Amino acid sequence: MPLCHFLRAMGQRSTVGSLLFFLWLNGICTGFKLENCTYYIRTFESVYSVPGDMAMLNSTLVSSDTFNFTTVPYNITWYNLKTGREMSNQTGRILVHRETLWFLNVTVDDIAEYVSILRTPSRCYRQGIKLVVDLPIAEQCGRPKKAFQTLTFGVTDKVSCPLKDYITKLDSYNITSSIKWYRGCDLIVDGTGKFTYMDKAILKIERVEAENNLYTCTLSFTLGGITGSVSETIEATVSARYSLTPQVCEPANEIIKAQLGSNFSKRCLVFVPSVGRPSVDIAWLVRNNYIIDTTPSDRVSTSKLNLTMQGDPNGAWLELLLIISELREEDFHINYTCRAVSDRGSPEGYFTLLPADPDIILPIGSVLGGVTVLFIISVTIYYLFKVDIVLWFRKAFPVLYTNTDLDGKLYDAYVAYAQPCAIGFSKEVEEFALRTLPQVLENACGYKLFIGGRDCMPGKAIVDSVEENIQASRRLLLLYTASTFISKRHTSSTSSNNNNISKSSDNNERKIGDRSGSMSFDGSEDVYPDSRQKLECMAAMHRALLEGSLKVILVELEEISSAQLALFPESVRHLRKKQGAVCWWKNLRTRQRWRTCARLREDEEKGGQDTQLSPSLSPSSRFWKEMRYSMPVRGKRASYPEKTALLNL
């Protein structure tokens, strides 16, 4: 129709010229339709506006889905399909910026379909967008065309403005924009009441009400020298049934260690604050790939989603198990992510699977157990064979011990025993001191002994002899029996317990019972008529207990009962309790027990030739080993001159 008016205005000029002009104009108006362009449908084919607002028509042809726009040259042209004209810039009205067509002041005359044509050297593409202009409804705030969103009653929720595309485009132009929110016709001031502006496109609402939920967002900006705005109205539907942002409780961004080759499972536990069944789904991701459609026969699988709504009145719990039947090397050192997918957001939680540390508890326990057992066995062996071990060590490594020949001492041991005519004297004890001890310790072991009844110089004062010879000895052997320290008044009560040595002691006691001027070790009469024995005991105990300069070896020749021990001098009892005694009677008991088991009949035929004090003269017997253990060490290492001088003093 406009074309006919145009022809009439030409004044009905020549027919040929008119025909040529018609064909040229029609080619311009319809030329873009004749092109063989690929048509692309836009997701939203219409843009709604009202008179006076700004409107943006944006072509989506400039996309990698269409062509490689980063390397292939192109240009875009906009056309008004109603008029057939190419769109161009109009001051204060229209602004064409490549793939975007802006209407700076929308009018009803702008209602049309607009086509964008994108041309490359080899192809062309086209896309159509409709601009719909609605007149405002009288006495009603907001826009005639509304968007719809859902709010949850009674909780904190948010409304999203549909103008996000406008904001993104303006930001790409570095153009500042601002947004305002309205509830119905009333302006909402940021931070007042229960409303808060979040970013540019979200309005946060606390305690959503059931009524008056019509919200309008207005975006204001300046473009092409024109300041304008565009608005969208949201009609919010309030629902009592809600499902808020899910919360991933497990896994909690943790590290888990597992054994190679073992089976493994881990649950994804999600809590959803909700009323009714939540609109949430959860899934496991490995290397950014979802684990879906699995069966229990697969090596890596998931269980069925378990939903529990009865345990917590504030929401629902969802649980999904990740199951690995056999862990392999490729399963370690990667993240396993549980994602909760909902329209409120998609929070995640993950765990990293690492190989378990080597099980060192069993080896450590075995080592500690072995060391403990070895220690107990070693202590037991040392306790049982201490004497043998020490004697062997002395024999094997004599160089580790100081040579005692350089210490200034003349004797290895001073032998003290009850002399003849003294209380407690016994022929068997004297024989043990004068014959048995020298035969083993001196002849077999090489020790040098001082024995009072053998080595005393005739005519020398007893005090001087005892003092000098004890000073020149490294040890003191104190031989005693049950009657050695018991006075005459106690002898009768103890003689029945000691058949051999006690009888000798009683006979000797009767022989010397009438002697006068005798003194006891404790200050009483008839105990130690021999002053030598008293001096020996006093000197030995003084050096052993007070000075610590002499080691006294107690040699117990017969078993002592508790009653007999109570009558001993306190110093002897203390020393016996402190260091013990070398018991000759144990050696006799052992030999008698062995002889009873092995040679009982042969001994009966011989009539028993051994007496109670019949000694075993082998240095390897238990008694003599204990004696050698207590005696000084015969080392080979030279002593220091300073130490030797001090010992001589």
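Right above here is the structure, for reference.
This report concerns the structure included in the present document. Owing to the predicted nature of the structure, the values given are computational and were not obtained by experimental measurement.

**Observations concerning the state of the cysteines**
- Scanning all chains against the criterion turns up four disulfides.
- The residue that forms a disulfide with Cys 141 is Cys 185, at a sulfur-sulfur distance of 1.4 Å. Of note, the bridge from Cys 141 to Cys 185 carries an S-S torsion of about 100° and is right-handed in sense. On the criterion of sequence distance, the pair formed by Cys 141 in the loop between strand 8 (124-133) and strand 9 (146-152) and Cys 185 in the loop between strand 11 (177-183) and strand 12 (186-188) is long-range, its members being 44 residues apart.
- The side chain of Cys 268 participates in a disulfide bridge whose partner is Cys 338; the two sulfur atoms lie 1.5 Å from each other. Taking the sign of the S-S torsion, -55° for the link of Cys 268 and Cys 338, the bridge is left-handed.

**Digging into the packing of aromatic side chains**
- The full count for this structure, using the stated rule, is 24 aromatic pairs.
- An aromatic cluster of at least three residues, connected via ring pairs, comprises Tyr 40, Phe 67, Phe 69, Tyr 74 and Tyr 125.

**Things to note about the pattern of salt bridges**
- Counted according to the given criterion, the structure contains 26 salt bridges.
- Ionic pairing is found between Glu 330 and Arg 328, a salt bridge with its closest N-O pair at 3.9 Å.
- Glu 330 gets classed as partly exposed once you look at its relative accessible area, which sits at 39%.
- Glu 467 is the salt-bridge partner of Arg 543, the closest N and O atoms lying 2.4 Å from each other. Of this pair, Arg 543 sits in helix 10 (residues 531-547) while Glu 467 sits in helix 7 (residues 462-471), placing them 76 residues apart in sequence.
- Overlapping salt bridges, with partners in common, bring together Glu 250, Glu 254, Lys 266, Arg 267 and Glu 319 in one network.

**Some details on the pairing of strand 16 (residues 226-239)**
- Both strand 9 and strand 16 contribute to a ladder of seven bridges, which runs parallel. Note that in strand 16 the partner of Lys 146 across the bridge is Thr 233.
- With 10 bridges joining them, strand 15 (residues 214-223) and strand 16 adopt antiparallel strand pairing. Pairing of Leu 214 across the sheet is with Glu 235, part of strand 16.
- Hairpin connection of strand 15 to strand 16: two residues between the antiparallel strands, including Gly 224 at a positive phi of 60°.

**Quick notes on the packing of helix 4 (residues 361-396) against helix 15 (residues 622-630)**
- Remark: helix 4 packs on helix 15, axes separated minimally by 10 Å, with the N-to-C direction vectors making an angle of 60°. The orientation of helix 4 relative to helix 15 falls into the category oblique. The hand of the helix 4/helix 15 crossing is left-handed. Contacts between helix 4 and helix 15 involve Leu 384, Lys 386, Val 387, Asp 388, Val 390, Leu 391 and Arg 394 on the former and, on the latter, Arg 622, Lys 625, Glu 626, Arg 628 and Tyr 629.
- Residues of the contact of helix 4 with helix 15, tallied by class, amount to five nonpolar, no polar and seven charged.

**As for the sheet that holds strand 28 (residues 413-416)**
- Sheet architecture is open: five strands sit in the order 29-28-30-31-32, paired in parallel fashion. The sheet is open, and its two borders are formed by strand 29 (449-451) and strand 32 (582-583), each paired with just one other strand.
- As paired elements, strand 31 (residues 551-556) and strand 32 share two bridges and run parallel to each other. The residue of strand 32 that forms the bridge with Glu 556 is Cys 583.
- In this fold helix 5 (residues 427-444) packs onto strand 28, strand 29, strand 30 (475-480) and strand 31, with an angle of close to 175° to the strand it touches most, strand 29.

**A word on the environment of Asp 109**
- Relative to the helices and strands, Asp 109 resides in the loop between strand 6 (100-103) and strand 7 (112-119).
- Sequence separation of Asp 109 and Val 133 is 24 residues, and the distance between their C-alpha atoms is 8.8 Å.

The rules we used
Residues numbered from 1 in each chain as written. Predicted model: local features only at pLDDT ≥ 70, side-chain atom pairs only at ≥ 80, totals over all residues. Heavy atoms only, no water. Disulfide = S-S within 2.5 Å. Helix = DSSP H or I, 4+ residues; strand = E, 2+ residues; numbered from the N terminus. Phe/Tyr/Trp six-rings, centres within 6.5 Å; stacked < 30°, edge-to-face > 60°. Salt bridge = Lys/Arg side-chain N within 4 Å of Asp/Glu carboxyl O. Buried < 20%, exposed > 50% of the residue type's maximum accessible area, 1.4 Å probe, protein only. Pairing = 2+ DSSP bridges. Axes fitted to C-alpha atoms, helices over the stretch in contact; angles between N-to-C directions. Parallel < 35°, antiparallel > 145°, perpendicular 65-115°, else oblique. Left-handed = near helix turned anticlockwise from the far one by under 90°. Contact = heavy atoms within 4.5 Å. Nonpolar A, V, L, I, M, F, W, Y, C, P; charged D, E, K, R; others polar.

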